[in-house]
Amino acid sequence: MNKKPVIVATTGIVFLVIGMMASMAIGAKDIPINEIFGAILGQSDGIHAQLVREIRAPRMFCSLLVGGMLALTGTMMQGVLRNPISEPSIMGVTQGATLAVAISAVSPLIGGMYGNFFMALLGSAISGVLILLFSMRNASMRSLSKILLAGTALSTFFLSLASVVALLGNRSQELAFWVAGGFRQASWMQVAFLVIIGGSFSIASLMISSKINLIHLGDEVAIGLGTSPERIKMLTILFLIPICGVCVAVAGNIGFVGLFVPHIIRKLIGNDYRKLMPLSFLWGSVLLLFADILARKLMAPYELPVGLFTACFGVPIFLMLVRKERK
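Quick notes on the rules
- Residues numbered from 1 in each chain as written.
- Predicted model: local features only at pLDDT ≥ 70, side-chain atom pairs only at ≥ 80, totals over all residues.
- Heavy atoms only, no water.
- UniProt positions renumbered as here; feature names shortened; annotations may be inferred.
- Helix = DSSP H or I, 4+ residues; strand = E, 2+ residues; numbered from the N terminus.
- Buried < 20%, exposed > 50% of the residue type's maximum accessible area, 1.4 Å probe, protein only.
- Contact = heavy atoms within 4.5 Å.
- Expected span 1.5 Å × (residues − 1).
- Axes fitted to C-alpha atoms, helices over the stretch in contact; angles between N-to-C directions.
- Left-handed = near helix turned anticlockwise from the far one by under 90°.
- Nonpolar A, V, L, I, M, F, W, Y, C, P; charged D, E, K, R; others polar.
- Parallel < 35°, antiparallel > 145°, perpendicular 65-115°, else oblique.
- Phe/Tyr/Trp six-rings, centres within 6.5 Å; stacked < 30°, edge-to-face > 60°.
- Patch = residues over 30% accessible without salt bridge, like charges linked within 9 Å, V, L, I, M, F, W, Y side chains within 5 Å.
- Areas by Shrake-Rupley, 256 points an atom, 1.4 Å probe, with all protein chains shown as cover.
- Salt bridge = Lys/Arg side-chain N within 4 Å of Asp/Glu carboxyl O.

- Going by what an unreviewed UniProt entry lists, the protein is known as Iron ABC transporter permease and is assigned to Candidatus Scybalomonas excrementavium.
- According to its UniProt record, the protein has this under Sequence similarities (unreviewed entry): "Belongs to the binding-protein-dependent transport system permease family. FecCD subfamily."

**Some words on the overall build of the protein**
Point 1. Helices and strands together make up the secondary structure of the protein, namely 14 helices and zero strands.
Point 2. Starting at the N terminus, the α and β elements of the protein follow one another as α-α-α-α-α-α-α-α-α-α-α-α-α-α.
Point 3. Residue burial in the protein is summarised as follows: out of 327 residues, 54% are buried.
Point 4. Taking the contacts inside the protein whose residues are at least 6 apart along the sequence as the reference set, 77% of them involve residues at least 24 apart.

**Re helix α4 (residues 93-106)**
Note that an α-helix has 3.6 residues per turn; residues three or four places apart therefore point the same way.
Point 1. With 14 residues, α4 should reach 20 Å at 1.5 Å per residue; the first-to-last C-alpha distance of 21 Å fits that figure.
Point 2. Buried residues dominate α4, accounting for 12 of its 14 residues.
Point 3. Taken together, the buried positions of α4 are occupied by Val93, Thr94, Gln95, Gly96, Ala97, Thr98, Leu99, Ala100, Val101, Ala102, Ser104 and Ala105.

**Remarks on the UniProt feature "transmembrane region" (unreviewed entry) in the protein**
Point 1. The sites that UniProt annotates as "transmembrane region" (unreviewed entry) are residues 57-77, 89-111, 117-135, 147-168, 188-208, 237-265, 277-295 and 302-322.
Point 2. Helix makes up 100% of residues 57-77 and strand 0%, and the two end C-alpha atoms of the span are 30 Å apart.
Point 3. Secondary structure across residues 277-295 divides into 100% helix and 0% strand, with the first and last C-alpha atoms of the span separated by 26 Å.

**Some points on the packing of helix α1 (residues 4-25) against helix α3 (residues 47-81)**
Point 1. Running from N to C, α1 and α3 point in directions that differ by 145°, and their axes come no closer than 9 Å. In terms of crossing hand, the pair formed by α1 and α3 is right-handed. Residues Leu16, Met20, Ser23, Met24 and Ala25 of α1 touch α3, and the partners they reach there are Val52, Arg56, Ala57, Met60, Phe61 and Leu64.
Point 2. Among the residues making up the contact of α1 with α3, the classes are represented as nine nonpolar, one polar and one charged.

**Quick notes on the packing of α3 against helix α13 (residues 273-297)**
Point 1. Closest axis-to-axis distance for the α3/α13 pair is 7 Å, and the angle between their directions is 140°. Classified by the angle their axes make, α3 and α13 are oblique. Two packed elements cross with a definite hand, and for α3 against α13 that hand is right-handed.

**Considering the packing of aromatic side chains**
Point 1. In the structure shown here, the tally under the stated rule is four aromatic pairs.
Point 2. Ring geometry for Phe15 and Trp283: centres 6.0 Å apart, planes at 45°, overall tilted. In this pair, Phe15 is assigned in helix α1 and Trp283 in helix α13, connecting sequence segments 268 residues apart.
Point 3. Judged by centre distance (5.9 Å) and plane angle (50°), the ring pair of Phe157 and Phe158 falls under tilted.
Point 4. For Phe157, a relative accessible area of 46% corresponds to the partly exposed category.

**Quick look at a nonpolar patch on the surface**
Point 1. A contiguous nonpolar patch, built from Ile33, Phe37, Ile40 and Leu41 and spanning about 390 Å² of accessible area, is present on the exposed surface.
Point 2. Tracing the backbone shows Ile33 in helix α2 (residues 33-40).

**Thoughts on the pattern of salt bridges**
Point 1. Under the defined criterion, the tally for this structure stands at five salt bridges.
Point 2. A salt bridge links Lys297 to Asp30, with the shortest nitrogen-to-oxygen separation between them at 3.2 Å. Here Lys297 is found in helix α13, whereas its partner Asp30 is found in the loop between α1 and α2, with 267 residues between them in sequence.
Point 3. On the basis of relative accessibility, which here comes to 36%, the residue Lys297 falls in the partly exposed class.

**Brief notes about the side chain of Gln95**
Point 1. If you trace the backbone, Gln95 turns up in helix α4.
Point 2. Under the relative-accessibility criterion, Gln95 is labelled buried at 6%.
Point 3. Residues contacting Gln95, with those up to four places away along its chain left out, are Pro88, Ser89, Ser155, Phe158, Leu159 and Asn253.

Here you go:
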């Protein structure tokens, strides 16, 4: 029996629990652990208890769920495209959602939390379908360089349009939040969106992990075993769209989580997507929990963008993977 997945899972759970408690305890105002438990159990109604229940707890759950979902979507894209640098933010999916949120911000008809969510869903859907059509056109289009080029072009195009929209609508500061990413506006309503929408499609994605295994081995292998590669790729993108949409609506454009988390977990346990996908979700949650803690604490009482920390890890790994692919 291969013990590596068990060790990786156990270690991840330990760090997850530590991160959850640290996320509620650490910030501009540190809160003792005993007061956190008092707030959770309803035994305290002081200022610290209100801070835990109304601000720290929803923020903790948002960072946990967004981190896990971003890592999961990156793993799925890498599996179906057989491309080690596939990831929603690199391929332009989250930038499409960012553009849609920028349009929502300047529109008097579709603004607000609900408007942002549905516009982010629409933006990720458009960009996701474009990438799907490009990667499935024919076999030659699946090469790393062409897909990377298409994703980079889409990302730049969508962010440029978002900047124009924000400037015209005098919402540049609001757009900066979405581009940098963060959880300053986290609430229980956003947690509900993540659980209901993102959670449902994440579970559906895990249910097709065995099919993604076959696609990763090659279209010919999948067809020989009775699986339609086009159908699985279409399902994967359809599941990615609402997950990416709700993550951008809640946290903005946090990049690279779906790139380096699956890469590291793959190095540890191999390419079995039945294990790789849930473990990537687990460690993506751990990563974003601690990134959010650093964002709050390093320059307290001011906050740094969460995306800054994920980019610091992600960019070197991205460059390493591109260099490795070119050899």
